[in-house]
Amino acid sequence: MLIKEYRICMPLTTEEYRVGQLYTISKHSHQESEKGEGVEVVKNEPHEDPVHGPGQFTEKRVHLSSKLPSWARAVTPRIFYITEKAWNYYPYTITGEPRCSFLPKFSIYIETKYEDNCGDSENIFRSDKILGDHEVSFLDIAFDEIPERYYRSLEDPRFFSSAKTGRGPLQEGWRQHTKPIMCSYKLVNVKFEVWGLQTRVEQFVHKVIRDILLIGHRQAFAWVDEWCGMTMEEVRRYERETQEATNELIGLVAPSISVSEVGQPTATHSAPASAPSTPLSDEAPDFLAPPKNCPRKKSAPETLTLPALRERADAE
């Protein structure tokens, strides 16, 4: 088991980001999807928790077959997906209970808390499930490296300026002097209980999660003029319409998705005590292709060398 805490600051308030988060997840999922691949939304409905109060429950199927790195495709079925369940009690969220039939000893759980500060809250999770110290990493959406293939100049916080809010571009040291500012605190627990592979796989998955967190938060800020000013009712409508379009895009029969605000009859989906599964994608979607004349520093190694694996006869 490898536990890390990531802290990602944003030039927003937590109240603003409540809408921005929903908008960004929906748009990003739709852009990454194509026929047979992508994020299928199965359920999206109100949920009441005795501890955390009213929230929203979602269940998704993340179809990944062709988006896995080559070493993972060698041992996975041709058609495969991960089931992801999430409980949103904003400003606290849980994603958990991943289901992956061919890897029963693999799991990812993430707890997230949002606060209006620059990431200086210590021991914010106060979890008795954390044994000893865990690594804390601050991720800078403007100046930390991302893989070249994910880079888009229009989504670079160093150059982006919001017409609606007047925020940006972000300069060196922006976290110390920018107002408003908020922080996403994410406690990520990765477990892969296979002897001989555990350490390398868990480290690789954390590297993938780091990239996903950086890219997602960069996009949330770069798209602020698209979602700024939307009401919760409007963003829920956008979420529903985008999810239905995404389900159709990946070539599946769209289920009846009910996206509504808390206050209606609630569903009975108990959240896990700890928390989320993150889709494991190591291929770049077309819309994130890097510009030809914009050199970027390279990120950590993109591949993981594993012991020789028997290739399937029908491997592509």
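For the structure, check the block above.
So, here is what we can say about the structure in this document. As the structure is a prediction and not an experimental result, all values here were calculated from the model. (Residues numbered from 1 in each chain as written. Predicted model: local features only at pLDDT ≥ 70, side-chain atom pairs only at ≥ 80, totals over all residues. Heavy atoms only, no water.)

Inspection of the entire model under this criterion finds 11 salt bridges. Measuring nitrogen to oxygen at the nearest pair gives 3.8 Å for the salt bridge that ties E135 to K4. Placement of E135 in strand β7 (residues 135–139) and of K4 in strand β1 (residues 2–10) is noted, with a sequence separation of 131 residues between them. Classification of K4 by relative accessible area gives buried; the value is 17%. Across the salt bridge formed by E155 and R152, the nearest N and O atoms sit 3.6 Å from each other. The buried category is assigned to E155, whose relative accessible area is 5%. Classification of R152 by relative accessible area gives partly exposed; the value is 27%. (Salt bridge = Lys/Arg side-chain N within 4 Å of Asp/Glu carboxyl O. Helix = DSSP H or I, 4+ residues; strand = E, 2+ residues; numbered from the N terminus. Buried < 20%, exposed > 50% of the residue type's maximum accessible area, 1.4 Å probe, protein only.)

Now for the environment of T58. Structurally, T58 can be placed in strand β3 (residues 53–63). C-alpha separation for the pair T58 and V41, spaced 17 residues apart in sequence, amounts to 7.5 Å.

This next bit is on the nonpolar core. Core analysis: the biggest nonpolar cluster contains 49 residues, and M10, Y17, I108 and W227 have the highest contact counts within it. Sorting the residues of this core by element identifies β1, α1 (14–32), β6 (106–115), β8 (182–192), α4 (198–222), α5 (224–227) and α6 (232–249) as the ones contributing at least two each. Of the residues forming this core, the biggest block, 9 residues, is contributed by α4. Sequence-distant contacts of Y17, that is, excluding residues within four places in its chain, are made with M10, L12, Y90, Y114, M182, S184, H217 and A220. F57, Y89, Y92 and I94 belong to the second-largest nonpolar core, a separate cluster that totals 5 residues. (Core = buried A, V, L, I, M, F, W, Y, C linked by side-chain atoms within 4.5 Å. Contact = heavy atoms within 4.5 Å.)

Quick look at the packing of aromatic side chains now. Here a ring pair, both rings aromatic, is described through the centre-centre distance and the interplanar angle of the planes. Within the structure shown, the criterion is met by 6 aromatic pairs. Ring geometry for Y90 and Y114: centres 4.9 Å apart, planes at 25°, overall stacked. Of this pair, Y90 sits in the loop between β4 (81–89) and β5 (92–99) while Y114 is found in strand β6, placing the two residues 24 residues apart along the sequence. Neither residue differs from the other here; Y90 and Y114 are each classed as buried. Three or more aromatic residues joined by ring pairs form one cluster here, namely Y17, Y90 and Y114. When the ring centre of W223 is taken as origin, the NZ or CZ atom of K27, which lies over that ring, is 4.2 Å away. (Phe/Tyr/Trp six-rings, centres within 6.5 Å; stacked < 30°, edge-to-face > 60°. Lys NZ or Arg CZ within 6 Å of the ring centre and 35° of its normal.)

Our next topic: the pairing of β1. Looking down a regular strand, the side chains alternate between one sheet face and the other. The element β1 is largely enclosed, with a buried count of 8 among its 9 residues. Of the strand pairs in this sheet, β1 and β7 are connected by 5 bridges, and their pairing is parallel. When the bridges of β7 are listed, Y6 appears paired with S137. (Pairing = 2+ DSSP bridges.)

Here α1 is 19 residues long and its end C-alpha atoms lie 26 Å apart, about the 27 Å a rise of 1.5 Å per residue gives. At G20, α1 shows its maximal bend, which comes to roughly 25°. Buried within α1 we find T14, Y17, V19, G20, Q21, L22, Y23, T24, S26, K27, H28 and S29. (Expected span 1.5 Å × (residues − 1). Bend = angle between axes of the 7 residues up to and from the residue.)

This next bit is on the packing of α1 against α6. The N-to-C vectors of α1 and α6 enclose an angle of 15°; their axes lie 9 Å apart at closest approach. Between α1 and α6, the angle falls in the class roughly parallel. As α1 packs across α6, the resulting crossing turns out to be left-handed. Contact with α1, carried on its side by R18, V19, L22, Y23, S26, K27, S29 and H30, involves M232, V235, R236, Y238, E239, T242, Q243, A245, T246 and L249 of α6 and no other residues of that element. Grouping the constituent residues of the contact of α1 with α6 by class yields 8 nonpolar, 6 polar and 4 charged. (Axes fitted to C-alpha atoms, helices over the stretch in contact; angles between N-to-C directions. Parallel < 35°, antiparallel > 145°, perpendicular 65-115°, else oblique. Left-handed = near helix turned anticlockwise from the far one by under 90°. Nonpolar A, V, L, I, M, F, W, Y, C, P; charged D, E, K, R; others polar.)

The terminal C-alpha atoms of α4, which comprises 25 residues, lie 36 Å apart, in line with the 36 Å expected from a rise of 1.5 Å per residue. With 18 of its 25 residues buried, α4 lies for the most part within the structure.

Here S162 lies in the loop between β7 and α3 (174–177). Exposure remark for S162: the relative accessible area of 3% places this residue in the buried category. Side-chain polar atoms of S162 contact the backbone nitrogen of K164, separated by 3.4 Å. Of the polar contacts made by the side chain of S162, one reaches the side chain of T165; its length is 2.8 Å. Contact partners of S162, with chain neighbours within four places excluded, come to R167, V224 and D225. (Polar contact = N/O pair within 3.5 Å; in protein donor to acceptor, adjacent residues only side chain to side chain.)

A word on unusual backbone geometry. With omega at 15°, the peptide bond leading from Y90 into P91 counts as cis. Looking at the secondary structure, you find P91 in the loop between β4 and β5. Put simply, G168 and P169 share a cis peptide bond, and its omega is -5°. Summarising the element assignment, P169 is placed in the loop between β7 and α3. Residue N123 is not a glycine yet carries a positive backbone phi of 50°. Among the secondary structure elements, N123 is positioned in the loop between β6 and β7.

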